[in-house]
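Residues per chain are reported as follows:
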Amino acid sequence: MTEFTIDDLHIPQSIDAPDALDFIEMTTVRNDIEAEIVGNYDLAYSAAELLPHWLDPYDPKIAYVARVDGRIVARGILNWRIEDDVDEAWLEIEVLAAFRRAGIGAALYDLLATRAAAERLRPWQSYVLHKAADGETLPSPTGFGAVPLADPGTRFLLGRGYELQQVERFSRLPLPLPTRWFDELAERVRVAADAGYRLVRWVGRTPEDRVADLAVLHQRMSTDAPSGGLDYAEEQWDETRVRTLDDLRAASPRLILVTAVEYVPSGTLVAFTELEVPLERERAVSQADTLVLREHRGHGLGMLAKLANLKYLEDTHPGHPSVTTFNAEENRHMLAVNEAIGFMPVGYGGGWKLDVTP
Ligand SMILES: CC(C)(COP(=O)(O)OP(=O)(O)OC[C@H]1O[C@@H](n2cnc3c(N)ncnc32)[C@H](O)[C@@H]1OP(=O)(O)O)[C@@H](O)C(=O)NCCC(=O)NCCS
């Protein structure tokens, strides 16, 4: 029988502080577990990159870590929402493969569930990485995508009464992009200009005159990205929240490249897409949000913004091996854009829910 202990994870204010060692070790364990699932370190964050996300006042969370012989081998995280009258809880448990089937996952779950119940949070939801495996699968109720039935995460959540609500595809685009795309981009810029649209781009902090527009775009992102049967209440964004995100991102070594689309007649931004770029050239770039406001869809602005941001990446930070992204399997428009550019599926994310009675 494996002996383990579980403690609260202390969240340091800085990665250089003497009390940051547990957070740094937790980050390594996170990266190792996710690499065991997807087969590479494309999803890895350094502790300095991860910490700002943990200090986000708009995304509160607590975590526990399990140790065997003093070494962290697993983590359990509980997130909740800051919006009034939104009680959603998000639970995440990850155990290093060598320490599974020893009751660690169950013990972490029980602690998270006790805390979620005490805070009267509901429903309880979980987003889980699944291998792109052969074999029997559990289909998503959205009608798009499936997760492997034999996957330990599937067994674990089914055993606790959770139901699959949505499947996301995890995809990878090898870089550099074939140059023909950049010829196509030039043509798309011309066509968009005729319809009244122009590209705007920046690195890092949102320009002062675009902050209000970004608040609208982020808030719409929280309702317009498909969420299947998961509960995801609308986020509330204002200029303070945009600036808080800018500050958190400035505290991370990753750079954020943003390409947005302005509708020239109104001078407002109607679409945006973001890439998160690690400093080290050998590491994968992450695609973050992409959104075209509903009333401006159908003009190819999603493809235009994505291609333009990839060109921006090639021009300013060449040499990264790939871009990774997650998209809901039912989000056929976004997947069509990504597939056309060359993104290939490499794994899946399952969205799970347990309706907890008050
Ligand atoms: C899912 C995961 C957390 C389980 O961790 P673990 O320490 O092996 O879990 P435990 O030993 O405490 O087992 C807990 C339960 O899951 C079941 N289980 C875990 N892995 C399983 C597998 N491969 N096949 C069948 N059942 C499995 C056990 O039977 C046990 O059921 P019980 O409590 O009813 O007896 C671990 O495999 C993991 O980290 N996977 C990747 C992340 C993930 O999928 N997380 C899902 C929860 S958010």
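Residues numbered from 1 in each chain as written. Predicted model: local features only at pLDDT ≥ 70, side-chain atom pairs only at ≥ 80, totals over all residues. Heavy atoms only, no water.

Now for the pairing of strand β14 (residues 344-354). Taken across its eleven residues, β14 has eight buried, putting it largely inside the fold. Two strands pair when backbone bridges link them, and strand β5 (residues 124-131) and β14 are joined in this way by eight bridges, in the antiparallel orientation. Bridge pairing links glutamine 125 to lysine 353 in β14. Of the strand pairs in this sheet, strand β8 (residues 163-174) and β14 are connected by nine bridges, and their pairing is antiparallel. The residue of β14 that forms the bridge with phenylalanine 170 is glycine 347. (Buried < 20%, exposed > 50% of the residue type's maximum accessible area, 1.4 Å probe, protein only. Helix = DSSP H or I, 4+ residues; strand = E, 2+ residues; numbered from the N terminus. Pairing = 2+ DSSP bridges.)

This brings us to the pairing of strand β10 (residues 255-263). Buried residues dominate β10, accounting for seven of its nine residues. Across nine bridges, the pairing between β10 and strand β11 (residues 268-277) is antiparallel. Opposite threonine 259, over in β11, you have threonine 273 as the bridge partner. The turn joining β10 and β11, which pair antiparallel and follow one another in sequence, is formed by four residues; a positive phi near 75° is taken by glycine 267.

What follows concerns the environment of valine 128. With respect to the helices and strands, the residue valine 128 is situated in strand β5. Residues valine 128 and glycine 153, spaced 25 residues apart in sequence, show a C-alpha to C-alpha distance of 6.9 Å. Setting aside residues no more than four positions away along its own chain, valine 128 makes contact with Gly153, Leu157, Tyr348, Gly349, Gly350 and Trp352. (Contact = heavy atoms within 4.5 Å.)

Under the definition given, this model contains six aromatic pairs. Their ring planes at 80° and their centres at 6.0 Å tell us that tyrosine 109 and phenylalanine 156 sit as a pair that is edge-to-face. Of this pair, tyrosine 109 sits in helix α3 (residues 104-118) while phenylalanine 156 sits in helix α4 (residues 152-158), placing them 47 residues apart in sequence. You can call tyrosine 109 buried: its relative accessible area is 8%. Taken together, the aromatic side chains of Tyr109, Phe156 and Tyr162 make up a single cluster linked through ring pairs. (Phe/Tyr/Trp six-rings, centres within 6.5 Å; stacked < 30°, edge-to-face > 60°.)

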